[in-house]
Amino acid sequence: MPEQKSTGDLLEVLKKKGSYEEAQREICTGQYTVNLSEYLHTLARERNMKQADILRRSGLKKSYFYLLMDGRREKPSRDTLIQLGFGYGLSLDEMQDFLKHLGAAQLYPRIARDGVVIYALQHGLDIIRCDILLEENGEQPLVRE
């Protein structure tokens, strides 16, 4: 198996190639390709979790959660992914990897709302307590009614 290119190497290829198609041929093995439903099921198995528990802890609407799990929705919002991360009980580091692998921006402490979520994850708060903290700090909660 060829050595994995670093992110910096992939960036350099994209900068230097004359066409995207040419760059794509060289970098495609270094990019993430993830089937959301498979990823969520694998994560549940690895963590020995039931879907009902993930749903309850995520604060997502039942119908939408099962659309994601069944593969009938593929592009959830970043907030939905964060809710799923809470559902799986992810640590801060695990949440960052989860977001990165699913193509979403990682939590960034210079953004006030992200800072609250980072604090909540680092201190073991559940999604309800995280949302309370978000609202107390004038930020939009993750769980929408």
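> Explain the overall build of the chain to me, please; I cannot follow it from the model alone.
Secondary structure assignment for the chain yields nine helices and zero strands. Secondary structure of the chain in N-to-C order comes out as α-α-α-α-α-α-α-α-α. Taking the principal axes of the C-alpha coordinates as reference, the chain spans close to 50 × 35 × 25 Å. Residue pairs in contact within the chain that sit at least 24 positions apart in sequence constitute 50% of those at least 6 positions apart. Approximately 9300 Å² of the chain is accessible, and the part contributed by carbon and sulfur atoms is 49%. In the chain, the 21 positive side-chain charges and the 22 negative ones have mean positions that sit 3 Å from each other.

> How should I be thinking about the packing of aromatic side chains in this particular structure?
Where two aromatic rings form a pair, the distance of their centres and the angle of their planes describe that pair. What the rule picks out here adds up to three aromatic pairs. For the pair Phe65 and Tyr66, a centre-to-centre distance of 5.1 Å together with 80 degrees between the ring planes defines the contact as edge-to-face. According to the relative accessible area criterion, Phe65 is buried, its value standing at 0%. Given the relative accessible area of 24%, Tyr66 is considered partly exposed.

> Mind showing me how you'd approach the side chain of Gln96 here?
For Gln96, the position within the fold is in helix H7 (residues 92–101). The class of Gln96 is buried, set by a relative accessible area of 16%. In contact with Gln96, other than residues within four places in its own chain, are Gln106 and Leu107.

> How do you make sense of unusual backbone geometry when you look at a structure like this?
Where the residue is not glycine, phi is negative for most of them; where a peptide bond is considered, it is trans in most cases. Of note in this structure, Asn48 is not a glycine but carries a positive phi near 55 degrees. In this fold, Asn48 is placed in the loop between helix H3 (36–46) and helix H4 (51–58). In this structure Asn48 comes out as exposed when scored by relative accessible area, which is 72%.

> I'm lost on the nonpolar core in this one. Help?
Soluble globular proteins tend to pack their nonpolar side chains together in the buried interior. With 33 residues, the main nonpolar core has Phe86, Tyr88, Met95, Phe98, Leu107 and Val117 as its most contacted residues. Counting residues per element, the ones that place at least two in this core are H3, H4, helix H5 (62–69), helix H6 (78–87), H7, helix H8 (112–122) and helix H9 (127–136). Each residue touching Phe86, except ones within four places of it in the same chain, is listed here: Arg57, Met95, Val117, Ala120, Leu121, Leu125, Asp126, Ile127, Cys130 and Leu142.

About the thresholds
Residues numbered from 1 in each chain as written. Predicted model: local features only at pLDDT ≥ 70, side-chain atom pairs only at ≥ 80, totals over all residues. Heavy atoms only, no water. Helix = DSSP H or I, 4+ residues; strand = E, 2+ residues; numbered from the N terminus. Contact = heavy atoms within 4.5 Å. Areas by Shrake-Rupley, 256 points an atom, 1.4 Å probe, with all protein chains shown as cover. Lys, Arg positive; Asp, Glu negative; His and termini not counted. Charge placed at Lys NZ, Arg CZ, Asp CG, Glu CD. Phe/Tyr/Trp six-rings, centres within 6.5 Å; stacked < 30°, edge-to-face > 60°. Buried < 20%, exposed > 50% of the residue type's maximum accessible area, 1.4 Å probe, protein only. Core = buried A, V, L, I, M, F, W, Y, C linked by side-chain atoms within 4.5 Å.

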